[in-house]
Amino acid sequence: MANIAIIGAGVIGVSCAAFLQRDGHSVTIYDPLLPGEGCSFGNAGSIGPGSVVPLSTPGIVRQAASWITDPDSPLWIDWRYLPRALPWLAKFIAAGASPRINGIAQALRLLHIDSFTHYRTLLGVDARSLLHVSGQLYLYESDAAFAKDTLGRELRSALGVRSEILSPDAIRQLEPSLGPRFAKAIYLPDSGHCSNPHRLVATIAEDIARNGGHFIRASAKDFELDAEQVCAVITDAGRMPCDMVVIAAGVWSQRLAGRLGLRIPLESLRGYHVMLPMPETAPKRPLYPLAAKIMMTPMEHGLRIAGTAEIAGLDAPMNERRAATLGTIAKRYIPGTTGEPISVWMGHRPTTPDSLPIIGPSPRHRNVMLAFGHGQTGLIGGSTTGLLVSDLVAGRKPTIDPYPYREGRF
Ligand SMILES: Cc1cc2nc3c(=O)[nH]c(=O)nc-3n(C[C@H](O)[C@H](O)[C@H](O)COP(=O)(O)OP(=O)(O)OC[C@H]3O[C@@H](n4cnc5c(N)ncnc54)[C@H](O)[C@@H]3O)c2cc1C
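Residues numbered from 1 in each chain as written. Predicted model: local features only at pLDDT ≥ 70, side-chain atom pairs only at ≥ 80, totals over all residues. Heavy atoms only, no water.

Secondary structure summary: the protein chain contains 13 helices and 21 strands in total. By the compact-globule yardstick of 22 Å for 410 residues, the protein chain fits well, its C-alpha radius of gyration being 21 Å. With respect to the three principal axes, the spread of C-alpha positions in the protein chain is 65 × 45 × 40 Å. Put simply, the protein chain has 410 residues, and 57% of those count as buried. Sequence-distant contacts in the protein chain: of pairs separated by 6 or more residues, those separated by 24 or more amount to 76%. Element-wise, carbon and sulfur atoms account for 54% of the exposed surface of the protein chain, whose accessible area totals about 16800 Å². With 40 positive and 35 negative side-chain charges, the protein chain shows a spacing of 3 Å between the two charge centroids. (Helix = DSSP H or I, 4+ residues; strand = E, 2+ residues; numbered from the N terminus. Rg over C-alpha atoms; globule rule 2.2 N^0.38 Å. Buried < 20%, exposed > 50% of the residue type's maximum accessible area, 1.4 Å probe, protein only. Contact = heavy atoms within 4.5 Å. Areas by Shrake-Rupley, 256 points an atom, 1.4 Å probe, with all protein chains shown as cover. Lys, Arg positive; Asp, Glu negative; His and termini not counted. Charge placed at Lys NZ, Arg CZ, Asp CG, Glu CD.)

Our focus in this paragraph is empty space enclosed by the protein. Inspection of every chain in the model, using the stated rule, returns one cavity of 30 Å³ or more. Around the largest cavity, the lining residues are Val 53, Pro 54, Leu 55, Leu 108, Thr 351, Ser 355, His 374, Gly 375, Gln 376 and Thr 377. Summarising the domain contributions, the lining of the largest cavity has at least three residues from each of domain 1 (3–40 + 199–265 + 355–409) and domain 2 (49–106 + 131–192 + 266–351). (1 Å grid on protein atoms, 1.4 Å probe; cavity = no way out; pocket = protein on both sides within 12 Å on 5 of 7 lines; lining within 4 Å. Points joined across faces, edges and corners; volume = space filled by probe spheres on them. Domains from an automatic or database assignment.)

Residues Tyr 119, Leu 131, Leu 200, Ile 204, Val 246 and Val 389 are the most contacted members of the largest nonpolar core, which totals 47 residues. Sequence-distant contacts of Leu 131, that is, excluding residues within four places in its chain, are made with Ile 47, Phe 116, Tyr 119, Arg 120, Leu 123, His 193, Cys 194 and Leu 200. Formed by 24 residues, the second largest nonpolar core is a distinct cluster that contains Tyr 272, Leu 303, Tyr 333 and Ile 334. (Core = buried A, V, L, I, M, F, W, Y, C linked by side-chain atoms within 4.5 Å.)

The subject of this paragraph is the layout of surface pockets. Taken as a whole, the second largest pocket encloses approximately 390 Å³ of empty space. Looking at the second largest pocket, it is lined by 19 residues, and the ones nearest its centre are Tyr 81, Arg 84, Gln 254, Leu 266 and Glu 267. Among the elements of the structure, helix H3 (82–97), helix H11 (253–259) and strand S15 (267–276) are those that each provide at least two residues to the lining of the second largest pocket. Among the elements that make up the lining of the second largest pocket, the one with the highest residue count is H3 (four residues). The residue makeup of the lining of the second largest pocket, split by class, is 11 nonpolar, three polar and five charged. Looking at which domains feed residues into the lining of the second largest pocket, each of domain 1 (3–40 + 199–265 + 355–409) and domain 2 (49–106 + 131–192 + 266–351) supplies at least three. (Nonpolar A, V, L, I, M, F, W, Y, C, P; charged D, E, K, R; others polar.)

Our focus in this paragraph is the sheet that holds strand S9 (residues 192–194). One open sheet holds the three strands; their spatial order is S3-S9-S5, and the pairing between them is antiparallel. Of all strands in the sheet, those with a lone pairing partner are strand S3 (46–47) and strand S5 (131–132), marking the two edges. Pairing of S5 with S9, which is carried by two bridges, proceeds in the antiparallel orientation. Along S9, the bridge assignment pairs Leu 131 with Cys 194. (Pairing = 2+ DSSP bridges.)

One can read the domain layout of the protein chain as domain 1 (3–40 + 199–265 + 355–409) and domain 2 (49–106 + 131–192 + 266–351). The centre of domain 1, based on its C-alpha atoms, is set 28 Å off from the matching centre of domain 2. In this complex, domain 1 contributes 21 residues to the contact, which on the side of domain 2 involves 20 residues. Between domain 1 and domain 2, roughly 1700 Å² of surface is buried when both sides are summed, and carbon and sulfur atoms account for 65% of that area. Summed over the three residues of domain 1 that lose the most area to domain 2, namely Cys 39, Val 251 and Pro 265, the buried surface amounts to 31% of that side. Counting every contact that joins domain 1 to domain 2 gives one salt bridge. Across the salt bridge formed by Arg 199 and Glu 300, the nearest N and O atoms sit 2.5 Å from each other. The tally of links from domain 1 across to domain 2 stands at five residue pairs in polar contact (both at pLDDT 80 or more). (Buried area = accessible area lost by both parts, 1.4 Å probe. Salt bridge = Lys/Arg side-chain N within 4 Å of Asp/Glu carboxyl O. Polar contact = N/O pair within 3.5 Å; in protein donor to acceptor, adjacent residues only side chain to side chain.)

Our focus in this paragraph is the site of the ligand. Lining the immediate surroundings of the ligand are 37 residues, of which Asp 31, Ser 40, Ala 220, Gly 375 and Ile 380 lie closest. Between an oxygen atom of the ligand and a main-chain N or O atom of Leu 379, the distance comes to 2.9 Å. When the ligand sits alone it has 1000 Å² of accessible area, and the protein chains cover 95% of it. Among the elements of the structure, helix H1 (11–22), S15, strand S19 (343–351) and helix H13 (378–394) are those that each provide at least two residues to the shell around the ligand. Of the residues in the shell around the ligand, the class split is 19 nonpolar, 16 polar and two charged. (Near = heavy atom within 4 Å.)

Spelled out as structure tokens, the structure:
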């Protein structure tokens, strides 16, 4: 059995480490932060096996102008960062315009369909308090807005995602926390949420440690090679020998992969959440008003309002105004909430142009596995990614076809 170094203790890194450990490998996770303190800390907690619509879709070019000029648009680009983002943006727009969209949706479906099942394997009894197949509601403020979203409905229906269209009365009955703003909703009964994404990662990491895995608080800087194979990870805590490496460092994976000569288009899609006190009539499930592109999810510590996407690089400071807006928008939909944030957070979604992650061996160094780029659906895709990576390392028939996630597609 191999001594495997996993770089990154986010939801992807710990899921890979946990499944590899189950195969008998010795695993060591490296991260300067504690498990789950990166992007995996503050996501919206949505687990949607039916989340199959990529970010870039055929209408994307028409919307592009507003991204730079309107700071309140759901996707905003800092014009100072634009020159650096342009090559990625060109690929992003091309992915949406291409006939690939059905294939991308199908690959997302494969990665997401058994998310709950594989997390239950990893979480054991803790799954009961963390995972909830509560359903999700996609909400539309007018019939026209509903009609405009045909692509999403077509993709979901072609891929066998169960859903139901709800009238305003049915919406209020199912979700009394909502005000009377919505003309229609789509109810996805097989979707749901995790009520504490940080605890989910920490729980898996604790289980790995209990079973003899190691966690070292160190940052990977480079790799030592021996005959085209990585034989050690060079970290700020020293040289760490290994038989194999999994790069699962979220958006920071691009720099590490670059050390191995790989040029991967990966951009940070910065997103925010605010935590609000739980209103007296609490939402029962993730609520997704499409006009605002925010997710409102009941969590262990309050109501989380998460969303917005910003392209401004890794180093720009948090945009406090955009974060605060999330509370105000939520109040519009859930009248019982104060809209006053208890806490504010920003994270970096590691995003590829086609919304599919990169999973599989590095073409140059066969003992390096790549597992990053899950964008807006890394929580949903985490458990299956871990299983797939362990299948590929074991050389057994993979749970799902890894071809759509290969590094060489760009
Ligand atoms: C606002 C928002 C809402 C979201 N909502 C959802 C949702 O509802 N559902 C969903 O599925 N997804 C959602 N996402 C996306 C999801 O959170 C991410 O896709 C996922 O967390 C990515 O996980 P990761 O493990 O790849 O990255 P991370 O969680 O960022 O983990 C990467 C880790 O690598 C470490 N690292 C970096 N560099 C190094 C290095 N050199 N050496 C060692 N370690 C290193 C970092 O410290 C970090 O801990 C959301 C994201 C945001 C921002």
